[in-house]
Amino acid sequence: MKPDRPDLLVLGAGPAGGTAALFAARIGRRVALLTGPAGGSLIAGAAEIDNYPGLPRLAGHDFLATLARQCQDAGVELAARTARRFTVENRYKIIEDDTGTSWTAPAVVIAVGTSPLPPDIPGLDRYWGKGISFCAWCDGQLFRGRRVAVYGGGNTAFTSVTILARLAAEAHLLLPKRIGTAFGSLRDEVKRASNVRIWPGVKVEAVMGDTALRALTLRQDQEITTLEVDGLFITLGQRPNTGFLQGSLDLTAGGFIRADAAGRTDLPGVFAAGDVVDGSFRQLVVACGAGATAALSAERYLLQQW
Ligand SMILES: Cc1cc2nc3c(=O)[nH]c(=O)nc-3n(C[C@H](O)[C@H](O)[C@H](O)COP(=O)(O)OP(=O)(O)OC[C@H]3O[C@@H](n4cnc5c(N)ncnc54)[C@H](O)[C@@H]3O)c2cc1C
């Protein structure tokens with residue numbers, strides 16, 4: 001149900017948006033939460049979360065279901081809608097959703113997250129969760145003593161392969177370009193690991209397996225190689241879900257939202273939290289903390305400026 005006049009609109013029902021909505025509702029605000037596409041939160045892909053303090057070994061979808069229930073119990077109105085347009089009129093923030101309905105409130109928290117950049121590799125869809133993952137922190141443990149590859153060349157790729165080298169028997173770093181773009185210290189650490197092989201300028205052309213991933217076809221210059229692995233971690237970057245904000249908010253060239261430590265954007269009454277914020281550490285506990293911060297900043301704004 002659409003509340004007549006929410007005090008706060010929250011976009012995104014991931015850890016950041018869910019926490020923002022919960023905090024605002026718990027201090028007596030009327031909150032409407034537009035959840036976005038079903039399964040849109042990255043944490044839904046975590047088979048087991050084991051780095052959230054106080055909540056050991058929790059599946060990502062259980063975390064989200066519990067958070068949604070907490071929001072409902074606190075009086076948040078959850079709507080399965082996706083924001084398509086954002087405007088400001090007479091200081092009111094107006095969101096048009098995917099059904100054409102407009103939502104208006106004096107303040108908004110934008111927590112729409114990111115989507116991993118999937119490479120165009122034939123067969124990839126068959127092995128998500130069966131050897132292929134976006135997250136070494138989350139799924140690295142599954143490959144203890146086995147063979148893994150990381151596809152990417154930035155800080156996340158180098159950090160991932162460092163983590164995996166400690167767990168796996170052998171780790172391969174597949175650099176899409178001739179050199180990696182990670183910080184020097186991360187590159188040095190990878191060079192020191194005795195069980196990491198670096199493949200410069202390589203393209204993953206295909207993935208193969210049966211009930212799980214078994215091998216990759218690699219192209220390096222004109223040479224084709226079959227690399228047998230049990231795991232492939234794809235770290236080719238993230239794309240923020242901010243297409244609908246282009247032109248209305250201060251975004252980086254890559255589309256991430258610029259916000260300060262209190263979650264404030266360049267527009268008064270517009271706050272941002274979680275992975276969608278430029279420079280954010282993309283981790284669950286960080287997203288939850290940022291959501292709470294944005295909600296409390298929004299509360300301060302509503303008290304002082306409305
Ligand atoms: C496979 C995997 C496993 C992970 N495991 C861990 C882990 O174990 N521990 C850890 O600390 N971190 C983990 N992470 C990272 C963690 O998932 C993210 O840091 C966290 O989910 C970010 O929360 P968020 O709320 O900012 O964004 P998300 O969780 O991505 O949520 C974004 C929300 O916005 C919604 N949305 C998108 N577009 C719109 C729109 N236009 N309008 C309205 N809503 C919209 C989506 O539907 C979703 O509800 C993992 C990531 C991946 C990919």
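Note that the structure is a prediction, hence the values are computed from the model and not measured.

1. Regarding the overall build of the protein chain
Along the protein chain, the regular secondary structure elements total 6 helices and 18 strands. Over its C-alpha atoms the protein chain spans a radius of gyration of 21 Å, differing by no more than 12% from the 19 Å that the globule rule assigns to 306 residues. Dimensions of the protein chain along its principal axes, counting C-alpha atoms only, are 65 × 35 × 35 Å. Of the contacts formed within the protein chain by residues at least 6 apart in sequence, a portion of 58% connects residues at least 24 apart. For the protein chain, the accessible surface area stands at approximately 15,000 Å², while carbon and sulfur atoms represent 50% of it.

2. Describing the nonpolar core
Ranked by internal contacts, the top residues of the largest apolar core, which has 30 residues, are Leu8, Val10, Ala21, Val31, Phe63, Val76 and Val109. Among the elements of the structure, strand 1 (8–11), helix 1 (15–26), strand 2 (31–34), helix 2 (60–73), strand 7 (107–110) and helix 6 (284–305) are those that each provide at least two residues to this core. Among the elements that make up this core, the one with the highest residue count is helix 6 (8 residues). Ignoring any residue separated from it by four or fewer positions in sequence, one finds Ala21 in contact with Val10, Val31, Leu33, Cys71 and Val76. One finds Ala32, Phe86, Ala105 and Val270 within the second-largest nonpolar core, a separate group that totals 22 residues.

3. Remarks on unusual backbone geometry
Within the chain, Asn90 stands out as a residue other than glycine whose phi angle is a positive 50°. Position of Asn90 among the secondary structure elements: in the loop between strand 4 (83–89) and strand 5 (92–97).

4. A closer look at the site of the ligand
Near the ligand there are 32 residues, and of these Ser41, Asn51, Cys138, Asp275 and Leu284 occur at the shortest range. A distance of 3.1 Å separates an oxygen atom of the ligand from a polar backbone atom of Ala13. In the environment of the ligand, an oxygen atom lies 3.3 Å from a nitrogen or oxygen atom belonging to the backbone of Pro15. With the chains in place, 95% of the 1,000 Å² that the ligand exposes on its own is no longer accessible. Elements with a minimum of two residues in the shell around the ligand: helix 1 and helix 6. Of the residues contributing to the shell around the ligand, the split by class is 17 nonpolar, 13 polar and 2 charged.

5. Considering helix 1
For helix 1, which comprises 12 residues, the first-to-last C-alpha distance of 16 Å matches the rise-based estimate of 16 Å (1.5 Å per residue) to within 8%. Along helix 1, 10 of the 12 residues are buried, which leaves the element largely enclosed by surrounding structure. Along helix 1, the residues that are buried comprise Pro15, Ala16, Gly17, Gly18, Thr19, Ala20, Ala21, Leu22, Ala24 and Ala25. Directly after helix 1, the chain includes Gly28, whose backbone phi takes a positive value near 90°.

6. A short note on the environment of Thr87
With respect to the helices and strands, Thr87 occurs in strand 4. Residue classification places Thr87 among the partly exposed positions, given a relative accessible area of 26%. It is 8.8 Å that separates the C-alpha atoms of Thr87 and Leu245, two residues lying 158 residues apart in sequence. Those residues in contact with Thr87 that lie beyond four places of it in its chain are Tyr92, Lys93 and Ile94.

7. Comments concerning helix 4 (residues 155–167)
Under the 1.5 Å per step criterion, the end-to-end length of helix 4 is 19 Å for 13 residues, consistent within 8% with the ideal 18 Å. When helix 4 is considered as a whole, its buried residues turn out to be Ala157, Phe158, Ser160, Val161, Thr162, Ile163, Leu164, Ala165 and Leu167. Of the surrounding elements, those touching the buried residues of helix 4 are helix 3 (136–139), strand 10 (147–151), strand 11 (170–174), helix 5 (184–192), strand 12 (196–199) and strand 16 (231–234).

8. Here's the deal with the environment of Val202
Here Val202 is to be found in strand 13 (residues 202–209). We classify Val202 as buried; its relative accessible area is 2%. In the structure, Val202 is positioned 22 residues away from Ile224 in sequence and 9.8 Å away in space, judged by C-alpha atoms. Those residues within four positions of Val202 in sequence are excluded, and the remaining contacts are Tyr151, Leu174, Leu175, Pro176, Leu218, Arg219 and Gln220.

9. Focus: the packing of aromatic side chains
Inspection of the entire model under this criterion finds 5 aromatic pairs. Here Phe143 and Phe233 contribute two aromatic rings whose centre-to-centre distance is 5.5 Å and whose plane-to-plane angle is 80°, an arrangement assigned as edge-to-face. Taken as a pair, Phe143 in the loop between helix 3 and strand 10 and Phe233 in strand 16 lie far apart in primary sequence, 90 residues in all. Each member of the pair Phe143 and Phe233 is classed as buried. Considering the side-chain rings of Phe271 and Tyr301, the 6.1 Å spacing of their centres and the 70° angle between planes classify their relative orientation as edge-to-face. Here Phe271 is found in strand 18 (residues 270–272), whereas its partner Tyr301 is found in helix 6, with 30 residues between them in sequence. Classification of Tyr301 as buried rests on a relative accessible area of 6%. Looking at Arg91, its charged tip hangs above the ring of Trp306, at a distance of 4.3 Å from the centre. Above the ring of Trp199, the side-chain terminus of Arg197 is found at 3.8 Å from the ring centroid.

Conventions and cut-offs
- Residues numbered from 1 in each chain as written.
- Predicted model: local features only at pLDDT ≥ 70, side-chain atom pairs only at ≥ 80, totals over all residues.
- Heavy atoms only, no water.
- Helix = DSSP H or I, 4+ residues; strand = E, 2+ residues; numbered from the N terminus.
- Rg over C-alpha atoms; globule rule 2.2 N^0.38 Å.
- Contact = heavy atoms within 4.5 Å.
- Areas by Shrake-Rupley, 256 points an atom, 1.4 Å probe, with all protein chains shown as cover.
- Core = buried A, V, L, I, M, F, W, Y, C linked by side-chain atoms within 4.5 Å.
- Buried < 20%, exposed > 50% of the residue type's maximum accessible area, 1.4 Å probe, protein only.
- Near = heavy atom within 4 Å.
- Polar contact = N/O pair within 3.5 Å; in protein donor to acceptor, adjacent residues only side chain to side chain.
- Nonpolar A, V, L, I, M, F, W, Y, C, P; charged D, E, K, R; others polar.
- Expected span 1.5 Å × (residues − 1).
- Phe/Tyr/Trp six-rings, centres within 6.5 Å; stacked < 30°, edge-to-face > 60°.
- Lys NZ or Arg CZ within 6 Å of the ring centre and 35° of its normal.

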